[in-house]
Amino acid sequence: MWRSITIATIVTVILTPLVKGMRFDLETGATKCITEDIKINAMTVGKYSIVKPVEGFPLSAEDRITVRVTSPLGNNYHYADRKDSGSFAFTAGEAGDYMACFWAAKQSPDKSLSIDFEWKSGLAAKDWSKVAKKGQVEMMELELKKLYDSVTMVHEEMFNLRAREEMMQHLIRSTNAKMATFSFFSLIICLSVAALQLWHLKAFFQRKKLI
């Protein structure tokens, strides 16, 4: 029963679209970074733009941001210098936390820029309307394709969870072995100190002719 509940929970989590949509403030001269956990070979897309302070009026020439997206190993996947908006899309070549960093050039006086940022990964990154239009498929075929991709992600996630569990078990066994060794040597040291103290006290009493 618990196994069924666990699998159902995993399916629910995976089928939930991995979408980060947010608006945040960025001070000029400062940097702000956002991370997203992406699995290897997963598709990810993002778009960003500076919010106009007054609707209908253009941004000033100084209101620009520099954006860089890097992988867990530090590889660059996107770089844009002094832009008011932009987008990126790539297939992850590594698994782990990808980082999108935003930087605004120093201005005098300092000001705050509001930025809209949306980051999609996995199933949410696929444009299903284009898939359907391109292939001229029926609605049922499209739903089956979505379901197939979802099941594939569930399968991969199960393997990832199993691998993490094996790593944790190995770490626990290694830690227990180290603690047992440490406890053994601690006991030897304590017994040695106790024996040394007894020997010292015996020699002291013998010198004083108390025994």
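The rules behind each value
Residues numbered from 1 in each chain as written. Predicted model: local features only at pLDDT ≥ 70, side-chain atom pairs only at ≥ 80, totals over all residues. Heavy atoms only, no water. Phe/Tyr/Trp six-rings, centres within 6.5 Å; stacked < 30°, edge-to-face > 60°. Helix = DSSP H or I, 4+ residues; strand = E, 2+ residues; numbered from the N terminus. Buried < 20%, exposed > 50% of the residue type's maximum accessible area, 1.4 Å probe, protein only. Contact = heavy atoms within 4.5 Å. Polar contact = N/O pair within 3.5 Å; in protein donor to acceptor, adjacent residues only side chain to side chain.

> I'd like a description of the packing of aromatic side chains, backed by residues and values.
Taken as a whole, this structure holds eleven aromatic pairs when the rule is applied. Seen in terms of ring centroids, Tyr77 and Tyr98 are 5.6 Å apart; in terms of plane orientation they differ by 75°. Their pairing is edge-to-face. Separated by 21 residues along the polypeptide, Tyr77 in strand β5 (residues 76-83) and Tyr98 in strand β7 (residues 96-104) bring together distant segments of the chain. The class of Tyr77 is partly exposed, set by a relative accessible area of 27%. Note on Tyr98: relative accessible area 0%, which makes it buried. Judged by centre distance (6.4 Å) and plane angle (40°), the ring pair of Phe88 and Phe117 falls under tilted. Placement of Phe88 in strand β6 (residues 85-91) and of Phe117 in strand β8 (residues 112-121) is noted, with a sequence separation of 29 residues between them. Phe117 matches Phe88 in its accessibility class, with the two residues each being buried. Ring pairs connect the aromatic residues Phe24, Tyr48, Tyr77, Phe88, Phe90, Tyr98, Phe102, Phe117 and Trp119, which therefore count as one cluster.

> Before we move on, could you go through the environment of Tyr98 and cite the residues and values that matter?
Taking the C-alpha atoms as reference, Tyr98 lies 6.8 Å from Ile38; in sequence the two are 60 residues apart. Setting aside anything within four residues of it in sequence, one finds Tyr98 in contact with Ile34, Thr35, Glu36, Ile38, Thr70, Ser71, Pro72, Tyr77, Phe90, Ala92, Gly93 and Trp119. At a separation of 2.7 Å, a polar atom in the side chain of Tyr98 contacts the main-chain carbonyl oxygen of Glu94.

So, to be careful, I would describe these as geometric facts and stop short of saying anything about function.
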